[in-house]
There are 2 protein chains.
Amino acid sequence: MPTNVVSTSGRNPLAQKVKLSTIAEALGLSTATVSLALRDSPLVAEATRERIKEEARASGYIYNRRAASLRTSKSGIIGVCVHDMMNPFYGEILTAIERELDRQQHTFILCNHYDQLAKQRAFIDTMLQLGADGMIMSPAIGTPAADIRLAEENDLPVTLVARTVDGVEVPGFHGDDRRGMRLAVEHLIEKGHRRIAMVGGDDLTSTAREREAGYLAALEAADIEFKPEWRLKGARNRHGGFEAAPRLVALSPLPTAVVCYSDLVALGLMYGLSRAGLTPGEDIAVVGYDDIEEAEIATPSLTTVANGQSEVGRLAARSLLARLQGEDIPLGTQLITPTLRIRSSSEYRPFTLQRTEAASRHA
Amino acid sequence: MPTNVVSTSGRNPLAQKVKLSTIAEALGLSTATVSLALRDSPLVAEATRERIKEEARASGYIYNRRAASLRTSKSGIIGVCVHDMMNPFYGEILTAIERELDRQQHTFILCNHYDQLAKQRAFIDTMLQLGADGMIMSPAIGTPAADIRLAEENDLPVTLVARTVDGVEVPGFHGDDRRGMRLAVEHLIEKGHRRIAMVGGDDLTSTAREREAGYLAALEAADIEFKPEWRLKGARNRHGGFEAAPRLVALSPLPTAVVCYSDLVALGLMYGLSRAGLTPGEDIAVVGYDDIEEAEIATPSLTTVANGQSEVGRLAARSLLARLQGEDIPLGTQLITPTLRIRSSSEYRPFTLQRTEAASRHA
DNA sequence: CTGAAAGCGCTTACAG
DNA sequence: CTGAAAGCGCTTACAG
């Protein structure tokens, strides 16, 4: 009986890693049997399967997905890349995707590209190198068709959300931006507004171009002559709206209503208008776009266009999963129909200005 | 010369995948040389290296990280798991982590656990199975020490942010919540407030407990007797603040000031107060916590406590990377010193109520 | 129902 | 400066 034995603690960093063969040896079985058993194959006798699983548990076995994936060339990984996941608009899409993917045991790798093509390309490369099974992305501004094709040609199916890329034929889902913005502007026109500005966005994204087109179309349909100074371009976030406020207030005559590129822009604009001494929903009507969660509790509550983020996320995830299972799925973009949500911010009752306003409307 | 040749298009899904050996054969070299060359090893002659890289580019070679990782047991993956990345507080931490990790060529896998232990455990398992190099997490409520130890014992070093887990000795970084909340409350007391409520949070997270402790400590130091009805617990988000507003307004006498669990809670509360007809920063002083970006443009601009999210993220990422490189790093939690940011929401000039307020203060 | 053997695509000593 | 060979830990035909 040996003396001077150094007792190794349970936490031994030098301990051999447990692998299939460790379990197989311990039980006098082959790795093939162990592998099958752990994946619940009916080829393995129930009793054997249980012994194997018990041994795996007891020994602290950790399945090595890299090894499995190398062999099977399936990784269980889905890459998801958007402009900025901290933006609630994308956040709501991601939440829906996550919910859908979760039940299928897929691992979900997220990335922001911040509209930097290099970042997006690095992400695509990473997905390729990790052997991701598929990818959902809201493409960065200026994404070349070649980047999407690179993925597709290397067995990495792509589904687009929120934006499109010219020249690629892959499934895509987003709201009907032109139609949605038209709904918003028509709502204001019905309420009697004739001087309607549009704040936020630029002409770089397909989304912004579509929304602007809807805005212009609604004006035209109502025979309202568009004034270039009404189009206040700017960042597509809260800050962009905030910064637009002083520029808007400087306009003369002051528009009586504003549609915004997004809810975030509208919320920022309302902060800015308040600072300028104007009360949104009283002195000036404000409409957002997206119907993010905050729209309802904002004060005044935000009139906006529900853009179907959850549906976009859900459909995109399902479409990708279906494609991975070999189903035939429609290529091309599917538009989600937007809905107007009327709340308080689009009200207008400028007690102090009313008279002048009325006069100038007929000027 | 053969006739009837079927031309294969460039886009051939059946094309053999290009691997190291494909390049090696094409160039009459060994895979060892190709492997070294692609990783810029000085062991390979410059000219050979260039030929190899050119061939890799031309053939559309995609590096197989699973294979490499299986061999080297390094994956280049860092897992990051927080309660909810759409929350700007975590968003700002994540942004800082990302910035730090990016320059080191690490792939960043993100996950929300939504304070669900099962989700968090699934994430840890996934990281283990993918052979992640390390992990940064803001642990879910009730995280057992065993979950962290499981990771650590299987070669997955963990760094904590924002929250702590009792019974584990790993590096952690977060703001000094008790001190920060004390700063906030002392600011209000200095301005003459004696009835100060605290809105949002519960006693489930270490963060909330610390902040509440700071609140109570500041009251006690000023000889103000705490009234239980001043502590309005609730969700740690915008909605939680919004919902607290009616409960707050129902208090009699009405507190003249409120500190909130977070900026999000404060912003929601301000929305709610406005609906109740109270103007934050005039009829009632409001203070937030975190100093998220929106605090500055909110109207009224939000007085708050800068909680060092960026520093937390940066330090956590650096600490983890240092540890991965074998450096000795301090275990245990490092507190970031918070700073008060005085803006408009903590002002108080209740013109209509002034007289009664003054009276009741001396009651 | 179980096992022996090959192979996924890399990297790493080791040899020359 | 370059190559032959082993091996990372799985899964998958195939055989029995």
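Residues numbered from 1 in each chain as written. Chains lettered and ligands numbered in written order. Predicted model: local features only at pLDDT ≥ 70, side-chain atom pairs only at ≥ 80, totals over all residues. Heavy atoms only, no water.

- In the nomenclature of an unreviewed UniProt entry, chain A is known as DNA-binding transcriptional regulator, LacI/PurR family of Consotaella salsifontis.

### Quick word on the protein's contact with DNA strand D
1) Next: Neighbouring DNA strand D are 25 residues; A:K19, A:S35, A:R71, B:S30 and B:R71 lie closest to it.
2) Next: In this structure, A:Y61 approaches DNA strand D through a side-chain N or O atom, which is 2.9 Å from a phosphate oxygen.
3) Next: Within the contact set of DNA strand D, a phosphate oxygen lies 2.9 Å away from a side-chain nitrogen or oxygen of B:T48.
4) Next: Secondary-structure elements contributing two or more residues to the surface near DNA strand D are α2 (31-38) and α4 (65-72) of chain A together with α2 (31-38) and α4 (65-72) of chain B.
5) Next: It is α4(A) that provides the largest number of residues to the surface near DNA strand D, a total of four residues.
6) Next: Considered class by class, the residues forming the surface near DNA strand D number 13 nonpolar, eight polar and four charged. (Near = heavy atom within 4 Å. Polar contact = N/O pair within 3.5 Å; in protein donor to acceptor, adjacent residues only side chain to side chain. Helix = DSSP H or I, 4+ residues; strand = E, 2+ residues; numbered from the N terminus. Nonpolar A, V, L, I, M, F, W, Y, C, P; charged D, E, K, R; others polar.)

### A short note on the protein's contact with DNA strand C
1) Next: Taken together, 25 residues surround DNA strand C, and among them A:S30, A:R71, B:S35, B:Y61 and B:R71 come closest.
2) Next: The sugar-phosphate portion of DNA strand C accounts for 70% of its atoms within 4 Å of the protein, the bases making up the rest.
3) Next: Contacts to DNA strand C include A:T33, whose side-chain N or O atom sits 2.9 Å from a phosphate oxygen.
4) Next: Between a phosphate oxygen of DNA strand C and a side-chain N or O atom of B:K19, the distance comes to 2.9 Å.

### A closer look at the relation of the copies chain B and chain A
1) Next: Here chain B sits on chain A after a turn of 180° about the axis and a move of 0.0 Å along it, with an RMSD of 0.0 Å. This pairing of chains is accounted for by a two-fold axis.
2) Next: Both copies contact each other with a shared surface, as 98% of the interface residues of chain B are interface residues in chain A too. (Least-squares fit on C-alpha atoms with pLDDT ≥ 70 in both. Contact = heavy atoms within 4.5 Å.)

### Some thoughts on the packing of aromatic side chains
1) Next: All told, the structure shown has five aromatic pairs over all chains when counted by the stated rule.
2) Next: When the ring of A:F89 is compared with that of A:Y90, the centres are 5.1 Å apart and the planes differ by 70°; the resulting orientation is edge-to-face.
3) Next: For the ring pair B:Y215 and B:F226, a centre distance of 5.9 Å and an interplane angle of 90° mean the geometry is edge-to-face. Residue B:Y215 is found in helix α9 (residues 206-221), and its partner B:F226 is found in the loop between α9 and β7 (231-232); the two are separated by eleven residues along the sequence.
4) Next: Across from the ring centre of A:Y261, 4.9 Å away, lies the NZ or CZ of A:R211, which sits over that ring. (Phe/Tyr/Trp six-rings, centres within 6.5 Å; stacked < 30°, edge-to-face > 60°. Lys NZ or Arg CZ within 6 Å of the ring centre and 35° of its normal.)

### Notes on the sheet that holds strand β6 (residues 196-199) of chain A
Residue and element names in this part refer to chain A.
1) Next: Strand order in the open sheet formed by four strands is β7-β6-β8-β9, and the pairing between neighbours is parallel. Strand pairing shows two members of the sheet lacking a second neighbour, β7 (231-232) and β9 (285-287), which therefore form its edges.
2) Next: Where β6 and β7 come together, two bridges link them in parallel fashion. Within β7, the position partnered with M198 by the bridge is R231. (Pairing = 2+ DSSP bridges.)

### Observations concerning the packing of α2(B) against helix α3 (residues 46-59) of chain B
All names here are of chain B.
1) Next: Where α2 meets α3, the closest approach of the two axes is 9 Å, and the angle between their N-to-C directions is 90°. Here α2 lies roughly perpendicular to α3, going by the angle between them. Mapping the contact onto sequence places T33, V34, A37 and L38 in α2 and T48, R49, I52, K53 and A56 in α3.
2) Next: Split into classes, the residues belonging to the contact of α2 with α3 amount to five nonpolar, two polar and two charged. (Axes fitted to C-alpha atoms, helices over the stretch in contact; angles between N-to-C directions. Parallel < 35°, antiparallel > 145°, perpendicular 65-115°, else oblique.)

### Looking at the domain arrangement of chain A
1) Next: Looking at chain A, the domain boundaries give domain 1 (20-63), domain 2 (73-170 + 309-334) and domain 3 (177-303 + 342-361).
2) Next: Using only C-alpha atoms to locate each centre, domain 1 of chain A and domain 2 of chain A end up separated by 36 Å. (Domains from an automatic or database assignment.)

### Thoughts on the pairing of strand β4 (residues 158-161) of chain A
Residues and elements named next belong to chain A.
1) Next: Of the two faces of β4, the one lined by V158 and L160 and the one lined by T159 and V161 are each fully buried.
2) Next: The pairing of strand β3 (residues 134-137) with β4 spans three bridges and is parallel. Across the sheet, M137 pairs through a bridge with L160, a residue of β4.
3) Next: You can see the chain leave β3, run along helix α7 (residues 145-153) and come back into β4, and the turn it takes is right-handed.
4) Next: Relative to strand β5 (residues 172-175), β4 runs parallel, the two sharing two bridges. When the bridges of β5 are listed, V161 appears paired with F173. (Buried < 20%, exposed > 50% of the residue type's maximum accessible area, 1.4 Å probe, protein only. Right-handed = clockwise from strand over helix to strand, strands pointing away.)

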